[in-house]
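# An overview of the molecular structure
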Amino acid sequence: MGSPTSILMDDSLWPLLRVTFPRVITNAQNEELFARTLSYLRRGERFVSLVDIRQLQSLTFEQREQQWLFLRQQTVLMRQWSMGIVALINSPTLALMARVIVHRIKPSVVPYSIQASWPSAVSWAADRLNNNGLSEHAQRVRLRLGSSPEGNAR
């Protein structure tokens, strides 16, 4: 495995939070992700998360358990402030793992989707914003990210 780099969190299109995973993450990076996510939840503002997992090779059993535990512990805040999470995953194995993590929590904490293409993930996130009365933000997300296959803001 290659050496890990940072998990990038970009709120420049708030209330869209973009999270981009590198190829490999450490347990410490996973914990930092939870701390930063919790800080967004504690802002008291509704938001949609677009989580780009296309580069990630895999998560360890411990990391999957940490994610499940975080979602369980933050259920109230997630339901209150998250309008949805879309995961961009091009690996069938990682997509299955993500579904397993989400399905362990019944009912699902927040609306979610797992998409294999950038345009469909952006569209899902923009639809969540639009359906929650944030049509201007949805339009901005579509304009800035909709035609960029790599997810770079233009």
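Residues numbered from 1 in each chain as written. Predicted model: local features only at pLDDT ≥ 70, side-chain atom pairs only at ≥ 80, totals over all residues. Heavy atoms only, no water.

Pairing is mixed in the open sheet, where five strands are placed in the order β1-β2-β3-β4-β5. The open sheet has two edge strands with one neighbour each: β1 (8-13) and β5 (112-115). Recorded for the sheet is a direction-independent mean angle of 20° between the axes of neighbouring strands. Sheet contacts for helix α1 (residues 27-41): β1, β2 (16-20) and β3 (47-52); angle to β1, the most-contacted strand, approximately 25°. On top of the sheet, helix α5 (residues 118-131) reaches β2, β3, β4 (82-88) and β5; it is set at about 175° to β4, its chief contact. (Pairing = 2+ DSSP bridges. Helix = DSSP H or I, 4+ residues; strand = E, 2+ residues; numbered from the N terminus. Axes fitted to C-alpha atoms, helices over the stretch in contact; angles between N-to-C directions. Contact = heavy atoms within 4.5 Å.)

On to the nonpolar core. Generally speaking, nonpolar side chains in soluble globular proteins are found buried as a group. Counting residues in each nonpolar core, the largest one holds 29 residues, and the members touching the most others are Val19, Phe21 and Ile53. Mapped onto this core, the elements with two or more residues apiece are β2, α1, β3, α2 (61-73), α3 (75-81) and α4 (92-103). Top element by residues in this core is α1. It accounts for five residues. Aside from chain neighbours lying at most four places away, what touches isoleucine 53 is Phe21, Ala87, Leu88, Ile89 and Leu94. If you look at the next biggest cluster of nonpolar residues, it comprises 17 residues, including Leu13, Val122, Ala126 and Ala138. (Core = buried A, V, L, I, M, F, W, Y, C linked by side-chain atoms within 4.5 Å. Buried < 20%, exposed > 50% of the residue type's maximum accessible area, 1.4 Å probe, protein only.)

Before going further, it helps to examine the pairing of β2. If a strand is regular, its side chains alternate between the two faces of the sheet. Taking burial as the measure, the five residues of β2 include five buried ones, the bulk of the element. Of the pairings in the sheet, the one linking β1 to β2 comprises four bridges and is antiparallel in character. Among the inter-strand pairings, aspartate 10 is bridged to a residue of β2, identified as arginine 18. Counted along the chain from β1 to the antiparallel partner β2, the turn is two residues long. The sheet contact formed by β2 and β3 spans five bridges and is parallel. Residue leucine 17 lies in a different strand from β3, and its bridge partner there is serine 49.

A separate point is the packing of aromatic side chains. One pass over the full model with this rule turns up four aromatic pairs. Arranged with centres 5.5 Å apart and planes meeting at 20°, the rings of tryptophan 14 and tyrosine 40 form a pair that is stacked. Here tryptophan 14, found in the loop between β1 and β2, pairs with tyrosine 40, found in helix α1; they are 26 residues apart in sequence, far enough to count as distant. The two residues tryptophan 14 and tyrosine 40 agree in class, both being buried. Joined through ring pairs, the aromatic side chains of Trp14, Tyr40 and Phe47 make up one cluster. Positioned over the ring face of tryptophan 14 is arginine 43, at 4.3 Å from the centre of the ring. (Phe/Tyr/Trp six-rings, centres within 6.5 Å; stacked < 30°, edge-to-face > 60°. Lys NZ or Arg CZ within 6 Å of the ring centre and 35° of its normal.)

Looking at the element boundaries, arginine 46 is found in the loop between α1 and β3. The exposure class of arginine 46 is partly exposed, given its relative accessible area of 34%. Along the backbone, arginine 46 and tryptophan 14 are 32 residues apart, and their C-alpha atoms lie at a distance of 9.5 Å. When sequence neighbours within four positions are dropped, the list of residues in contact with arginine 46 reads Trp14, Pro15, Gln80, Trp81, Ser82, Met83 and Asn132. A polar contact is formed between the side chain of arginine 46 and the side chain of asparagine 132, at a distance of 3.1 Å. (Polar contact = N/O pair within 3.5 Å; in protein donor to acceptor, adjacent residues only side chain to side chain.)

What follows concerns the packing of α1 against α2. Direction vectors running N to C along α1 and α2 enclose 15°, while the axes themselves pass 10 Å from each other. Accordingly, the angle class assigned to the pair α1 and α2 is roughly parallel. Viewed along their axes, α1 and α2 form a crossing whose handedness is right-handed. Residues Asn27, Asn30, Glu31, Phe34, Thr37, Leu38 and Leu41 of α1 form the contact with α2, whose own contacting residues are Glu62, Gln63, Gln66, Gln67 and Phe70. Among the residues making up the contact of α1 with α2, the classes are represented as four nonpolar, six polar and two charged. (Parallel < 35°, antiparallel > 145°, perpendicular 65-115°, else oblique. Left-handed = near helix turned anticlockwise from the far one by under 90°. Nonpolar A, V, L, I, M, F, W, Y, C, P; charged D, E, K, R; others polar.)

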